[in-house]
Amino acid sequence: MMKVCVLLLVPVLLSWVESRSPYQAVLQHSRIRGRAQGPNVCAMQQRKGTDKKYFTNCKQWYHRKICGEPTVISYECCPGYEKIPGEKGCPAALPLVNIYNTLGVVGASTTQMYSERAELRPEIEGPGSFTFFAPSNEAWAALPTELLDALVSNVNIELLNALHYHMVDRRLTSEELKHGASFPSMYQDLHVHIHHYSNGVVTVNCARLIKPDQHATNGIVHVVDRVITAISNTINTLLEVDDDLETLRTAMAAAGLSTMLEGEGQYTVFAPTNEAFDKIPKETLNRILGDPVALRDLLNYHILKHMQCAESIVSGTPMETLQGSVLEVGCEGDQMTLNGRAVVTKRDQMGTNGVVHYISELLIPDSAKVLLELAEGSAVATATQLFVEAGLTPHLTGSEPLTMLAPLDAAFTGSDTTMTPDMRTLMTNHLLRTQLSSKSLYHGQELETLGGVKLRVFVYRNNLCIENACIAAHDKMGRYASMFTVGKVLTPPMGTVMDVLKADDRFSVLVGAVQTAGLTELLNQQGALTFFAPTNEAFGALPPPDRSRLLRDPQQLSSVLRLHLGEGLLVSGGVSSHTRVKPLQGERLELGVRNYTVYVNRVPVAAADLMATNGVVHAVNTIIKPMPPKVDREQSDGPADPASSRGDSRSFRNDDLFRKVLSSHSSRAMKQ
C-alpha cells in the first residue's frame, strides 16, 4: 500500500519542483486524497470521539490511526476555498476581507467577539499587514473559568494585551513559519515561538495550527487550538519556582545543568516530580545522587536535544536524549507517553529556551544502573534469581567491571534450576571479568570468566556467539558493567571432542568406532572441528550385517566418520539458511534451520552444541550421507524423504554417491 502512496505522489513531486514545507506536503497529500470529491477538497482525519482533525499524510492514511486511536475520514474545503450550492467540491475562492471579518468565517468568532470587546476591531479592520494566531471557539471554551474571567474583567488592558500577544506586525504564511523561529509579538515585543515538525504539524507556543493560511486583505489568520500566554522565563526559572520539582531542581544544580537550562537552546525536559523521585528505593536513589557520573546520565536522559510540543506527537517516535540513549515519545489517546507508558501529568510548560513536561515516574537509563538493576529490567528473571541464589549479589551491585551473560527465561525451559555446587559454578562462569561491548568482540577472542574459565568468541554471518550462547538482544551498558542477553545457557568446554564423546553414554558405539578408525588423536589434538556425531541409535538403525561390516573395517569407518567431521567450529546459532561446511572427506555438508531444528544433509540434529576445547559436537540419530550434486538446496534444511533417510540396507549398499565419496577401501569392503 505504501508503494501506491509513493506512486500517487510522484506526479505531484515532479510538478512541484520547489522544496515545500512539511505542512504544505501534508496539505498536498490531503488534496490528492480529496480530489475525487471535487476541486479544492481536502481529506481530513478526525480522531473518533474528539473534535481533533488533521490533514493526512501517507502513513496515517493507511493506518487510519492517530495516537493509537481510529480515525474517521471527512472531506472539507481546503484553506481559502468555499462551496457553491449545486456544484461539486469547493470551486470558489473565499473572498478576501479584513482580518476582523475573516475571524467570523474560519471558526474563530469568539476571538472576533473579544476583539471587539477589547477595542481591537478598528486595528484589525484597518490598514496594515498582520499575522493573527487566532484561538478557535473551542480553545476559548477550554480556558479555566477563573482565567477567562480575569482576562475579560478589565477589557481594555488584560484582554487587549492577551490578543496582541497572538499577533505579529507582519504577514507570515505557513511557509515562513520555520522550525525554531521566533517573532516579536505586538505585546511588548515578547516573542512567539514557532515549531514546524516533519509530520506537517505547526505550533506556536505549543498550540497547534488547525486552520493555517486564512488570507485577509490586511494580513493572514492561523486558527490555533488553544489560547497562548506570554513567555518570559527560561526552563531553569520554571524549575526554580515550582515546589513540586524541588528534588529535580536540587539534582540539576548538583549535576551542573542549571546553567545550560538558563542559557540559549531548544530543549525538552521531562521533569520528574518530587513524588516520582520518592518512588525509587532509597538505596538506589542515594547511590545515583552520590555518583556525579550516574546523576548526570540520569538527568540528561530526561532532556531531548530539541523542543517537542505534545501536539506535535501523533504516533510513537524514537528521540535522542542528551545522555545519548533514545526515548520513544508517543501518545495514546489524549495521553502523552514515554517508552509506551502514560507518565506525563502536565504538558507544554513553555520557556524561552524550550518546554517542560511533568512526569510521574523517574526514568533511569541503563548507564546509571548496576548489573543487578540491568537484569531486573529485562526478560531474564530466571537467570537473575539464579545469580542471587548463587551468592553473586555483591558482584552484581558493586563497582566491579564485569559483563553478564544472561540467558533468556526460555533457555531454562525443561531444566532443573535447583541451586547446587555445579549450578553455582555455572552461574559464576556467566560473568566475565571485564566490561565489554558486543561491538568490540572479534572471532577467536578469548574471554575469562569470574570462575577462571576461558570462553571463545565466534563471529558468524548471522550471529555473534560466546561458546554456544549467541547474543539475542542489544547490549545493556550499565554504570560499571554490561549485560549480554543470550539465547542459551552457556556450556563451557570441559575437554576435547574425544572427552565429550567418552563422557556421554549416547556415543559409546561411536567412541569404539573412532578408536577402530584411528581418529582418536585427531579428536584430541588442538584445532577447530564440528562433529555431527552419530549416536548409538544411528548405528543401531543400520542393518546388522552392514553395521558389523562397517565397524570391523578401519578404512571404511574412517571415511564415513570423516564425512561427519566439518572443518571449523560451527555452533547451532551460526547456522542460517543454506550454510555449507567442508567435511574432512567428501564435497560438502549442507545445513539449514527449520522450526528451530538444525538439519545437516536433511538429517535433523538431535542435540546441539556439546562444546569441546577443540570443537563442538552435534548429535545425530541417523548416519549422514552426501547430498546429490544437483539436489535442491531447499531440502538441506528440512526432513528427508522417509525412503531416503531410513536405515535401509538397499539404500546403504546401493547408494553410488555414498560409495563415491567413500574411499576405494569402502568399495573393496562391499565386494567382500
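Residues numbered from 1 in each chain as written. Predicted model: local features only at pLDDT ≥ 70, side-chain atom pairs only at ≥ 80, totals over all residues. Heavy atoms only, no water.

Per an unreviewed UniProt entry, the recorded name for the chain is Transforming growth factor-beta-induced protein ig-h3, and the organism is Pagothenia borchgrevinki. Turning to the chain, the UniProt annotation filed under Function (unreviewed entry) states: "Plays a role in cell adhesion. May play a role in cell-collagen interactions." Of the chain, the UniProt comment under Subunit (unreviewed entry) reads exactly: "Binds to type I, II, and IV collagens." (UniProt positions renumbered as here; feature names shortened; annotations may be inferred.)

Enquirer: I'd love a proper account of the overall build of the chain, names of residues and values included.
Expert: Regarding its fold elements, the chain presents 29 helices and 35 strands. Taken against the 2.2 N^0.38 rule, which gives 26 Å for 672 residues, the C-alpha radius of gyration of the chain at 36 Å runs more than 25% over that of a compact globule. Its C-alpha atoms put the chain at 115 × 65 × 35 Å along the principal axes. For the chain, with 672 residues in total, the buried portion stands at 51%. Within the chain, one finds 62 positive and 69 negative side-chain charges whose respective centroids are separated by 12 Å. (Helix = DSSP H or I, 4+ residues; strand = E, 2+ residues; numbered from the N terminus. Rg over C-alpha atoms; globule rule 2.2 N^0.38 Å. Buried < 20%, exposed > 50% of the residue type's maximum accessible area, 1.4 Å probe, protein only. Lys, Arg positive; Asp, Glu negative; His and termini not counted. Charge placed at Lys NZ, Arg CZ, Asp CG, Glu CD.)

Enquirer: Let's hear about the pairing of strand β29 (residues 529-534): which residues, and what values?
Expert: Within β29, six of the six residues are buried, leaving the element largely enclosed by the surrounding structure. Residues of β29 alternate between two faces, with Leu 529, Phe 531 and Ala 533 on one and Thr 530, Phe 532 and Pro 534 on the opposite face, all of them buried. Relative to strand β30 (residues 565-567), β29 is paired through three bridges, and the arrangement is antiparallel. Paired with Thr 530 across the two strands is Gly 566, which belongs to β30. (Pairing = 2+ DSSP bridges.)

Enquirer: Can you break down the side chain of Asn 614 residue by residue, with the values?
Expert: Locating Asn 614 in the fold gives a position in the loop between β34 (603-612) and β35 (615-620). Dropping the residues within four chain positions of it, Asn 614 is found in contact with Arg 456, Thr 496, Val 497, Leu 522, Leu 523, Asn 524, Gln 525, Gln 526, Gly 527, Ala 528 and Leu 529. (Contact = heavy atoms within 4.5 Å.)

Enquirer: Before we move on, could you go through the UniProt feature "domain: FAS1" (unreviewed entry) in the chain and cite the residues and values that matter?
Expert: As annotated in UniProt, the feature "domain: FAS1" (unreviewed entry) corresponds to residues 93-228, 232-363, 367-490 and 494-624 in the numbering used here. With 23% helix and 23% strand, residues 367-490 has its two end C-alpha atoms placed 25 Å apart. Each end of residues 494-624 is marked by a C-alpha atom, and these two atoms are 26 Å apart; helix forms 34% of the span and strand 29%.

Enquirer: I'd like a rundown of the packing of aromatic side chains, residues and numbers included.
Expert: Under the defined criterion, the tally for this structure stands at three aromatic pairs. With a centroid separation of 5.8 Å and 70° between ring planes, the pair formed by Tyr 23 and Phe 55 is classed as edge-to-face. Note that Tyr 23 is positioned in helix α2 (residues 22-34) and Phe 55 in strand β2 (residues 53-55), a separation of 32 residues in sequence. Residue class for Phe 55 comes out buried when judged on its relative accessible area of 15%. Just above the ring of Tyr 54 sits the side chain of Arg 208; from NZ or CZ to the centre is 4.1 Å. Cation over ring: Lys 346 sits above Tyr 358, and NZ or CZ is 4.5 Å from the ring centre. (Phe/Tyr/Trp six-rings, centres within 6.5 Å; stacked < 30°, edge-to-face > 60°. Lys NZ or Arg CZ within 6 Å of the ring centre and 35° of its normal.)

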